[in-house]
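Take a look at the letters that make up each chain.
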Amino acid sequence: MGSNRIGNLKFGDATLFLFDPFSFIGGGNPNQHPEFVQILEYTRRNGIVPNYTTNGRGLTDKVIKASKQYCGAVAVSAYAPFTETASAINALINEGIKVNLHFILTTETIATAIEWLKHPPMMLEHINAIIFLNYKPIGRSVVPELLLNASELMGEFFEVVTSIKHTFKIGFDSCSVSGIVSYTKANPNTIEACDAGRFSMFISEDMKAYPCSFYISSDSGVPITDRDSFFAAWQTSELFQAARTYFRSYDCDCKYSNMCLNGCPIFPEIRLCNQARRKKEGVAL
Ligand code: SF4
């Protein structure tokens, strides 16, 4: 379940899936769902430790108390000018909640990321991890110029990521794997290609299954009404089979192709490796 349209998802619908080991809750600002606390409590009671992502709004005392009681961690999305980001982090950390910061990397934000890694602001002092997310061209304002692979700063960014020790951990979404394999010497055991349709499923607020939430931009999804249709979506639907076929059919001649498995099946333009390879080969960009 996810996105800031989560208000349409019924608690009863969500409970259909919370017994399954690959179920998850996330995305958007789910803490503003009217039954959010109840969902957290139910999820935990059924043996799953919930985590969620918030933009920092709607973190009421009740939500924070429930987060401490039931969640493993809370992720806060970083949005400039970062005042709401900082106060959300402080509110959660003051209650002893583990906090991760989600930071979207674009041609415009990468300089801030580098600066933060070199000179971390106070708000990062007690976080658990910063997770960098590769910008996807989707939503109300698609700006191709923001695509990270156009940035001249990628080399510096990955250098800073791997060369400076921090009090917090650093992670990436699987949409960034093509950059990690191209720019770093990260241990392959710590890298996993996109898991959409392989280890994870996204369920929209209107009860449709997708390999990942970004598929909504290009596919109508697989309707699920009960546990049988849920398993059928995962096991036999064309949409999920096609995603797996895509990852199995990687045809790139790059030596890292078996690690990134062709990259993103929806947005080939978010790949971070072309520029890296051309740079390594000394080809003008
Ligand atoms: S399908 Fe694309 S956008 Fe979705 S998780 Fe995979 S790489 Fe990211």
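Structure first, text after, so check above.
As the structure is a computational prediction, the values presented were derived from the model and not from experiment. (Residues numbered from 1 in each chain as written. Predicted model: local features only at pLDDT ≥ 70, side-chain atom pairs only at ≥ 80, totals over all residues.)

**Q** Outline the sheet that holds strand β3 (residues 99–105), listing residues and values.
**A** In spatial order, the strands read β1-β2-β3-β4-β5; together these five strands make up an open sheet with parallel pairing. Of all strands in the sheet, those bounded by a partner on one side alone are β1 (52–54) and β5 (169–172). On average, adjacent strands in this sheet sit at an angle of 25° to one another, irrespective of strand direction. Of the strand pairs in this sheet, β3 and strand β4 (residues 129–134) are connected by six bridges, and their pairing is parallel. (Pairing = 2+ DSSP bridges. Helix = DSSP H or I, 4+ residues; strand = E, 2+ residues; numbered from the N terminus. Axes fitted to C-alpha atoms, helices over the stretch in contact; angles between N-to-C directions.)

**Q** Residue-level account of the site of the ligand, with values.
**A** Every residue lining the ligand is accounted for by Lys136, Ser174, Cys175, Cys194, Ala196, Cys212, Phe214, Cys264, Pro265, Ile266 and Phe267. Looking at the shell around the ligand residue by residue, the class counts come to nine nonpolar, one polar and one charged. (Near = placed C-beta within 6 Å. Nonpolar A, V, L, I, M, F, W, Y, C, P; charged D, E, K, R; others polar.)

**Q** Break down helix α3 (residues 61–70) for me, citing the residues and quoting the values.
**A** Among all positions of α3, only Val63, Ala66 and Ser67 are buried. The buried residues of α3 occupy one face: seen down the axis, they fall within an arc of 105°. Pointing more than 90 degrees away from the buried face of α3 are the exposed residues Asp61 and Gln69. Of the surrounding secondary structure, the elements contacted by the buried residues of α3 are α2 (36–45), β2 (74–77) and α4 (83–94). (Buried ≥ 20, exposed ≤ 12 C-beta atoms within 10 Å, placed from the backbone. Arc of directions from axis to C-beta. Contact = placed C-beta atoms within 7 Å.)

**Q** With reference to specific residues and values, describe the sheet that holds strand β8 (residues 222–223).
**A** Two modes of strand pairing occur in sheets, parallel and antiparallel, and in both the strands are linked by backbone hydrogen bonds. Pairing in this open sheet of three strands is antiparallel, and the strands run β6-β7-β8 from one edge to the other. The sheet terminates laterally at β6 (202–203) and β8, the two strands that pair on one side only. As judged from the two bridges shared by β6 and strand β7 (residues 208–210), these two strands associate in the antiparallel manner. Looking at the pairing, isoleucine 203 lines up with alanine 209 of β7.

**Q** Please set out the environment of aspartate 219 residue by residue, giving values where relevant.
**A** If you trace the backbone, aspartate 219 turns up in the loop between β7 and β8. Take aspartate 219: there are 16 C-beta atoms within 10 Å of it, and that puts it in the partly exposed class. When the C-alpha atoms of aspartate 219 and isoleucine 266 are compared, they prove to be 10.0 Å apart, with 47 residues separating the residues in sequence. Once you skip the residues sitting within four places of it in the chain, aspartate 219 turns out to touch Tyr210 and Leu239.

**Q** Run through the pairing of β3, naming residues and quoting values.
**A** Within β3, five of the seven residues are buried, leaving the element largely enclosed by the surrounding structure. Here β2 runs beside β3; their pairing, made up of four bridges, is parallel. In the sheet register, valine 74 faces β3, and the bridge partner there is valine 99. A crossover links β2 with its parallel partner β3, the connecting element being α4, and its sense is right-handed. A crossover links β3 with its parallel partner β4, the connecting element being helix α5 (residues 110–118), and its sense is right-handed. (Right-handed = clockwise from strand over helix to strand, strands pointing away.)

**Q** Run through unusual backbone geometry, naming residues and quoting values.
**A** Here the bond from alanine 80 into proline 81 is cis, since omega is 10°, no more than 30 degrees from zero. Tracing the sequence through the fold places proline 81 in the loop between β2 and α4. Of note, asparagine 262 is a non-glycine position whose phi angle comes to about 85°, a positive value. Tracing the chain through its elements places asparagine 262 in the loop between α10 (257–260) and α11 (273–280).

**Q** Explain the pairing of β4 residue by residue, including any values.
**A** Along a regular strand, successive side chains alternate from one face of the sheet to the other. With burial as the criterion, only one face of β4 is covered, namely that bearing Ile130, Phe132 and Asn134; the residues Ala129, Ile131 and Leu133 on the opposite face remain uncovered. With four bridges joining them, β4 and β5 adopt parallel strand pairing. Bridge assignment links phenylalanine 132 to a residue of β5, and that residue is phenylalanine 172. Once the chain exits β4 it traverses helix α6 (residues 154–163) before rejoining the sheet at β5, and the crossover so formed is right-handed.

As far as function goes, none of this settles anything; it's purely spatial.
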